[in-house]
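So the chains spell out like this:
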Amino acid sequence: MVNPDKPLVAVIGGAKVSSKLGVIESLSKICDHIIVGGGIANTFLMASGFEVGQSLSESDMVEPARQILDLKGINVPLPVDVITAKEFSSDAEAEIKAIDQVAGDDLILDIGPETAMIYKDVIDQCRTIIWNGPVGVFEFEQFSEGTRFLSAAIESNPGFKIVGGGDTVAVVEKYQITDSISYISTGGGAFLEFVKNGTLPILDLLKG
C-alpha cells in the first residue's frame with residue numbers, strides 16, 4: 001500500500017458499493033487500474049448511463065461511483081458485454097448481451113467474454129494485484145466463466161498477488177490457484193478495513 005510495485009490493479013467485486021466505497025476511494029489513490037465486478041459494477045454502469053434492468057445495484061451510490069469514474073490518472077474499465085438471465089436460479093438460461101442491449105427485466109449475473117479479455121489484458125500488464133470479490137455469480141456454473149477466466153489470468157501473472165475475503169478464497173480454492181497467490185486473508189472485513197485505513201486496532205495495540 002505504501003510503495004507497491006507498479007502497475008497496480010485492484011479487482012473489487014461483490015454486491016454493494018456502499019460496503020466498499022471507502023476501500024475503492026483509498027485504492028484510487030495508489031492504483032493504476034480498478035476492476036469492479038458483481039453488483040458494484042452494475043452501480044458503476046448506472047453511473048455511466050447504462051440500463052441494468054433488475055440487476056443488483058444501488059441507486060444512491062451512483063453519484064459516488066461517478067466521481068470515482070471521473071478521477072484522473074486511474075483506469076476503471078467497465079463491462080462491454082454481460083451474461084444475463086430472467087431469474088436468479090441455478091437453472092436459469094444464460095444469454096450474452098452487449099451492455100447497451102440489457103433489457104428492463106434482465107438480471108446481470110456475470111461479465112461477458114469480451115469484457116473478460118479486456119480485464120485479462122489489464123491484469124497481464126500489472127505487477128501487483130489486490131483481489132477482493134468475484135465478478136459474477138460463480139456458484140452457478142453458467143455464470144461462473146468470468147470469475148474463472150479472471151482467476152486464470154491472476155494465476156498466470158508472475159507479480160505480487162494479495163487475496164482477501166471468504167468469497168474470494170472460495171474462488172481461489174474452487175479453481176485451485178492457491179499456490180500462485182502471494183498472500184491470502186480469510187478475514188474479508190478486516191482485510192478491507194486495513195486497505196482502507198492502513199491499520200487495524202490490534203496492530204495499533206501491538207505498536208503501542
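So, here's what we can say about the structure. The residue numbering used here restarts from 1 in each chain and proceeds along that chain's sequence as written. It should be noted that, the model being predicted, local features are given only for residues of pLDDT at least 70 and side-chain atom pairs only at 80 or more, the latter also being counted only at that level, while totals for whole chains, interfaces and linings use all residues. The basis for the side-chain values is all heavy atoms of the structure; hydrogens and waters are excluded.

### A word on the packing of helix α4 (residues 113–124) against helix α5 (residues 145–156)
Then, in step 1: Contact pair α4 / α5: the axes reach a minimum separation of 9 Å and the direction vectors enclose 15°. The pairing of α4 with α5 is recorded here as roughly parallel in orientation. For the pair α4 and α5, the sense of crossing is right-handed. Here A116, M117, Y119, K120, I123 and D124 of α4 lie close against α5, whose contacting residues are F149, L150, A153 and I154.
Then, in step 2: Following the grouping adopted for this structure description, the nonpolar residues are Ala, Val, Leu, Ile, Met, Phe, Trp, Tyr, Cys and Pro, the charged ones are Asp, Glu, Lys and Arg, and the polar ones are all others, Gly among them. Looking at the contact of α4 with α5 residue by residue, the classes come out as eight nonpolar, no polar and two charged. What counts as an axis is a line fitted to C-alpha atoms, over the stretch in contact for a helix, and the angles between N-to-C directions run from 0 to 180 degrees. Strands are runs of DSSP state E lasting at least 2 residues, helices are runs of H or I lasting at least 4, and numbering of each runs from the N terminus. Each angle receives one of four descriptions, namely roughly parallel if under 35 degrees, roughly antiparallel if over 145, roughly perpendicular if within 65 to 115, and oblique otherwise. Handedness of a crossing follows from how the near helix is turned relative to the far one, being left-handed for an anticlockwise turn of less than a right angle and right-handed for a clockwise one. The contact criterion used is simple: two residues touch if any of their non-hydrogen atoms lie within 4.5 Å.

### Section: the environment of V163
Then, in step 1: Along the chain, V163 falls in strand β7 (residues 160–164).
Then, in step 2: Partly exposed residues are those whose accessible area sits between 20% and 50% of the maximum for their type, while under 20% is buried and over 50% is exposed, using a 1.4 Å probe and protein chains only. Using a relative accessible area of 1% as the deciding quantity, one classes V163 as buried.
Then, in step 3: Sequence-distant contacts of V163, that is, excluding residues within four places in its chain, are made with W131, T168, V169, V172, I181, Y183, I184, S185 and F191.

### Comments concerning a nonpolar patch on the surface
Then, in step 1: Residues qualify for a patch when their relative accessible area is over 30% and they have no salt bridge, like charges being joined within 9 Å and the nonpolar side chains of Val, Leu, Ile, Met, Phe, Trp and Tyr within 5 Å. Computed by Shrake-Rupley with a 1.4 Å probe, the accessible areas treat only the displayed protein chains as cover when residues are assessed. We define a salt bridge as a side-chain nitrogen of Lys or Arg found within 4 Å of a carboxyl oxygen belonging to Asp or Glu. A cluster of nonpolar residues, M1, V2 and F194, forms a patch on the protein surface that exposes about 310 Å² of accessible area.
Then, in step 2: Tracing the chain through its elements places M1 in the segment before β1 (8–12).

### A closer look at helix α2 (residues 38–47)
Then, in step 1: With respect to burial, α2 is a largely interior element, eight of its ten residues being buried.
Then, in step 2: Those residues of α2 not exposed but buried are G39, I40, A41, N42, T43, F44, L45 and A47.

### Comments concerning the side chain of N132
Then, in step 1: Here N132 lies in strand β6 (residues 128–132).
Then, in step 2: At 2.7 Å, the side chain of N132 and the backbone oxygen of G164 are in polar contact.
Then, in step 3: Those residues within four positions of N132 in sequence are excluded, and the remaining contacts are V11, I12, G13, K20, G164, G165, T168, F191 and L192. For the purposes of these results, a polar contact is taken to be a pair of N or O atoms within 3.5 Å, where, inside protein, one atom must be able to donate a hydrogen and its partner to accept one; residues adjacent in sequence count only when each atom of the pair is a side-chain atom.

### Concerning the packing of α2 against helix α3 (residues 62–69)
Then, in step 1: Between α2 and α3, the least distance of the axes is 8 Å, while the angle of their chain directions is 80°. Here α2 lies roughly perpendicular to α3, going by the angle between them. Where α2 approaches α3, its residues T43, F44, M46 and A47 are matched on the opposing element by V62, A65, R66, I68 and L69.
Then, in step 2: Classifying every residue of the contact of α2 with α3 by side-chain character gives seven nonpolar, one polar and one charged.

### Some words on the environment of K174
Then, in step 1: Looking at where K174 falls in the secondary structure, it is placed in helix α6 (residues 166–174).
Then, in step 2: Among the residues examined, K174 registers a relative accessible area of 36% and is labelled partly exposed.
Then, in step 3: It is 24 Å that separates the C-alpha atoms of K174 and P79, two residues lying 95 residues apart in sequence.
Then, in step 4: The contacts of K174, once residues within four sequence positions are left out, are F138, E141 and S144.

### Section: the pairing of β7
Then, in step 1: Examined bridge by bridge, β6 and β7 share four bridges and lie parallel to one another. If you follow I129 over to β7, its bridge partner there is K161.
Then, in step 2: In terms of handedness, the path from β6 via α5 over to β7 forms a crossover that is right-handed. Each pair of strands is called paired provided DSSP finds at least two bridges between the two strands. Looking down the strands as they point away from you, a crossover is right-handed if its path from the first strand over the helix to the second goes clockwise.

### Considering the sheet that holds strand β4 (residues 95–98)
Then, in step 1: Reading across the sheet, the three strands line up as β4-β3-β5 and stay open at both edges, with antiparallel pairing between neighbours. At either margin of the open sheet sits one strand with a lone partner, and together these are β4 and β5 (107–111). Pairwise comparison of adjacent strand axes, ignoring direction, gives a mean angle of 45° for this sheet.
Then, in step 2: The sheet contact formed by strand β3 (residues 81–85) and β4 spans four bridges and is antiparallel. Its bridge partner lying in β4, T84 is registered against E95.

### Some thoughts on the sheet that holds β7
Then, in step 1: The parallel open sheet is built from five strands, whose spatial order is β2-β1-β6-β7-β8. Bordering the open sheet on either side are β2 (33–36) and β8 (183–185), each of which pairs with just one other strand. Strand-to-strand twist of the sheet, defined as the mean angle between neighbouring strand axes without regard to direction, takes the value 10°.
Then, in step 2: The pairing of β7 with β8 spans three bridges and is parallel. Bridging from a neighbouring strand, V163 pairs with I184 of β8.
Then, in step 3: Sitting on the sheet, α4 is in contact with β1, β2 and β6, with an inclination near 145° to β2.

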